[in-house]
Amino acid sequence: MSPLLLGDLARLEAFYERLTPAVAEHFVADGPTDSSRLADHLASATDGEAISYGLISSDGLVLGHAFVERLWDGPPTLGIGIEEHLIGRGLGAKLMQATLADCDALSLPVVTLTVVKTNLRARSFYQGFGFVSRGEADFRRPGDSLAMERRLGGRA
Ligand SMILES: CC(C)(COP(=O)(O)OP(=O)(O)OC[C@H]1O[C@@H](n2cnc3c(N)ncnc32)[C@H](O)[C@@H]1OP(=O)(O)O)[C@@H](O)C(=O)NCCC(=O)NCCS
């Protein structure tokens, strides 16, 4: 797990370019995924206005990304995704622990996210980290998702 800064732009772009449709379907619409948004996101992380963690391979590739945007002009919003072949091995949990530890260290009162209702793996993953549903949200279609939030000091 490694914090990502502006100098990581090329390898973070490569991660998003490699994502398979099964992962991108649930992950990319809401996140900082095109080149200019990724650059803005990493600049924010470098300035302490966003959190960005990468799951890094032994040869330096980014294999997963967790982020929180809008730390101070909120609500802070979290996203997380890892490469499809790595799903289910506990690596997402490690990325999440690092990200939420930073949120708690900054005393963010709440962290929010949106998850597609049919993404049962992610819903139970988030519940395990103390996120609770606060109602419906729109992702690709009206009402297709849940808005979830985790209050300061929730599970990590
Ligand atoms: C959602 C996603 C990031 C989860 O990552 P993952 O590595 O697949 O998750 P894992 O299965 O390893 O993690 C869950 C593990 O964390 C554990 N866990 C849950 N809460 C935990 C906590 N508070 N602390 C530690 N571990 C916890 C679970 O018990 C589970 O372990 P198990 O499989 O042994 O039961 C990943 O599946 C993914 O990228 N999916 C596609 C994109 C996506 O859907 N993103 C979310 C969009 S909203």
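Here is what the cut-offs are and how they apply
- Within every chain, residues take consecutive numbers counted from 1 along the sequence as written.
- Per-residue local features are limited, in this predicted model, to residues with pLDDT of at least 70; the limit for side-chain atom pairs, both in listing and counting, is 80 or more; totals at the level of whole chains, interfaces and linings are taken over all residues.
- Water and hydrogen atoms were dropped before computing side-chain values, which therefore reflect all heavy atoms in the structure.
- Helical segments are the DSSP runs of H or I of at least four residues, strand segments are the runs of E of at least two, and each set is numbered from the N terminus.
- Accessible area is worked out with a 1.4 Å probe on protein chains only. A residue is then buried under 20% of its type maximum, exposed over 50%, and partly exposed in between.
- The contact criterion used is simple: two residues touch if any of their non-hydrogen atoms lie within 4.5 Å.
- Nonpolar cores are built from buried Ala, Val, Leu, Ile, Met, Phe, Trp, Tyr and Cys residues. Side-chain atoms within 4.5 Å join them into one set.
- Salt-bridge detection follows one rule: a side-chain nitrogen of Lys or Arg within 4 Å of a carboxyl oxygen of Asp or Glu.
- Relevant arc is that of directions from the helix axis to the C-beta atoms, nothing else.
- Working definition: rings of Phe, Tyr and Trp (its six-membered ring) pair if their centres are within 6.5 Å, and the pair is stacked with planes under 30 degrees apart, edge-to-face with planes over 60 apart, and tilted otherwise.

### Thoughts on the side chain of Thr99
Take Thr99: it is sitting in helix H4 (residues 91–105). Using a relative accessible area of 0% as the deciding quantity, one classes Thr99 as buried. In this structure Thr99 touches Ile51, Tyr53, Ala66, Val68 and Leu78, once residues within four positions along its chain are discounted.

### A short note on the nonpolar core
In this structure, Leu78, Met96, Tyr126 and Phe131 are the most contacted members of the largest nonpolar core, which totals 26 residues. Within the residue set of this core, elements represented by two or more residues are strand S2 (51–56), strand S3 (62–69), strand S4 (77–82), H4, strand S5 (110–116), helix H5 (120–128) and strand S7 (145–151). Broken down by element, this core gets its largest block of residues, 5 residues, from H4. Sequence-distant contacts of Tyr126, that is, excluding residues within four places in its chain, are made with Leu78, Ile80, Met96, Leu113, Val115, Phe131 and Met148. Among the nonpolar cores identified, the runner-up in size contains 12 residues, and Leu12, Phe15, Leu38 and Leu42 belong to it.

### What to know about the pattern of salt bridges
Summed over all chains, the structure comprises 6 salt bridges. The salt bridge partner of Asp8 is Arg11, with a shortest N-O separation of 2.9 Å. Its relative accessible area of 28% is what places Arg11 among the partly exposed residues. Connected via shared salt-bridge partners are Arg134, Glu149 and Arg151.

### Some thoughts on helix H1 (residues 9–18)
Working note: α-helix, 3.6 residues per turn, so residues spaced by three or four point in the same direction. When we look at burial in H1, the residues that qualify are Leu12, Phe15 and Tyr16. For H1, the arc enclosing every buried residue in end-on projection is 90°, short of the 170-degree limit, so these residues lie on one face. Exposed residues pointing more than 90 degrees away from the buried face of H1 are listed as Ala10 and Glu17. Those residues of H1 that are buried are in contact with helix H2 (21–27), helix H3 (35–46), S3 and S4.

### A word on the packing of aromatic side chains
Within the structure shown, the criterion is met by 6 aromatic pairs. For the ring pair Phe27 and Phe67, a centre distance of 6.4 Å and an interplane angle of 35° mean the geometry is tilted. With Phe27 in helix H2 and Phe67 in strand S3, the pair connects residues that are 40 residues apart, well separated along the chain. On the basis of relative accessibility, which here comes to 8%, the residue Phe27 falls in the buried class. Judged by relative accessible area, Phe67 falls into the buried class, the value being 4%. An aromatic cluster is present here, built from Phe15, Tyr16, Phe27 and Phe67 joined pairwise through their rings.

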